[in-house]
Every structure is written in C-alpha cells, then in structure tokens.
Amino acid sequence: AVSAQVVSDQPVVVERPLYAVHDFGGGTVRGATDALGATSLGTVFGFANASTMSGDWDFLTFQNPGSVAASVKVSYYDTTAVIQQSLTVPAGSRQTLQLFTAGQGPGIGDPLVGTVITSDQPILVEKPDYSTNGTGGAADAMGYQPASGSFQP
C-alpha cells in the first residue's frame, strides 16, 4: 500500500523490485519480479491478461498524484461477458482492486480476463499478480497506454 514518485533534474532509471513470500489463503506464493517506473501519466490503459482462477491473485493498483480526484471506469472482458465498474481515486492517493473479489473485479474462476481502464484525470495503473499455479511466483506490469489515446479491446 505504498506509492512513490521520483522527480529528478537529470535523467534517471527507476525500477520497482517486488519480493513475495505470502499466503493469500491458497498456498504460499514465493516469487520476485521487477517493473520499470512509468515515465508519464495516462487516461487510457489496457491489460491483455489476468486470471482469477483458484491459486491466482491478480490486483489493479491506481495512483493519482494529481490535485483533482479521478473518476475511473474499469471494464473487465472475460470469456463470457463484460463487467464494468466505476471508482473514484482521490487526489494524491492510491487504491487497490482485487480482481478475484466480486465487486472489485470479475470474481473467482475466470481463466482469462482482459481489462480496459479509462480515467478523466491522468493517473498510473499497474497489475501486480501472484500465483501458486504452474511456475508460481510474482509478476508486475504497467498498464499499456495506446499512442492514439483509445483502442478497441
């Protein structure tokens, strides 16, 4: 539940290493991952794949470093339907959604979930995920920002 903003008058490289040894309730996840820091904020983001199957714990994290609350729309595209939800990310704050929890995401049992996020204010979005399935471990991805500012899922 921590966000950081790095500002420099010289070019720098910023990364976020993540290490996990945690039991989310279905077995202990042991893993590590690394993500480069974002170089800009955006209003449209996409993620090609998430899973809410048993043994997978995928999240969306939102950071709003601005001075105005962001109205955010999240559309989940699973194998059978589109699930939409709205949330407000207050100015100068961060929020986390659990995709495996109904009401925050599509809920448990979806093996393939694509996600499109739009915001009326510039924000950052990333998707950390943890798993005890297959090779298990942890992963983190920054949201894809299309050059045109919009895309069709």
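Right, let's walk through the structure included here. (Residues numbered from 1 in each chain as written. Predicted model: local features only at pLDDT ≥ 70, side-chain atom pairs only at ≥ 80, totals over all residues. Heavy atoms only, no water.)

## Comments concerning the environment of Ala 4
Then, in step 1: Inspection of the secondary structure puts Ala 4 in the segment before strand S1 (15-23).
Then, in step 2: On the accessibility criterion, Ala 4 (65% relative accessible area) is exposed.
Then, in step 3: Each C-alpha atom, one on Ala 4 and one on Pro 122, is 16 Å from the other, the two residues being 118 residues apart in sequence. (Helix = DSSP H or I, 4+ residues; strand = E, 2+ residues; numbered from the N terminus. Buried < 20%, exposed > 50% of the residue type's maximum accessible area, 1.4 Å probe, protein only.)

## Some thoughts on the pattern of salt bridges
Then, in step 1: One pass over the structure, following the stated rule, counts two salt bridges.
Then, in step 2: Its salt-bridge partner being Lys 127, residue Asp 58 comes within 3.7 Å of it at the nearest N-O pair. Within this pair, whereas Asp 58 is found in strand S4 (residues 56-64), its partner Lys 127 is found in strand S8 (residues 113-131), the two being separated by 69 residues in sequence.
Then, in step 3: Looking at Lys 127, the relative accessible area reads 7%, which means it is buried. (Salt bridge = Lys/Arg side-chain N within 4 Å of Asp/Glu carboxyl O.)

## A word on the nonpolar core
Then, in step 1: Within the largest apolar cluster, 17 residues are counted, with the highest numbers of intra-cluster contacts made by Leu 60, Phe 62, Val 72, Val 74, Ile 117 and Val 125.
Then, in step 2: Of all elements in the fold, only strand S3 (42-50), S4, strand S5 (70-77), strand S6 (82-89) and S8 reach the threshold of two or more residues within this core.
Then, in step 3: For Phe 62, the contacting residues outside a window of four places in its chain are Val 72, Val 74, Leu 87, Val 89, Ser 93, Arg 94, Gln 95, Leu 97, Ile 117, Ile 123, Leu 124 and Val 125.
Then, in step 4: Counting eight residues, the second-largest nonpolar core is a separate cluster that includes Val 29, Phe 59, Phe 100 and Tyr 130. (Core = buried A, V, L, I, M, F, W, Y, C linked by side-chain atoms within 4.5 Å. Contact = heavy atoms within 4.5 Å.)

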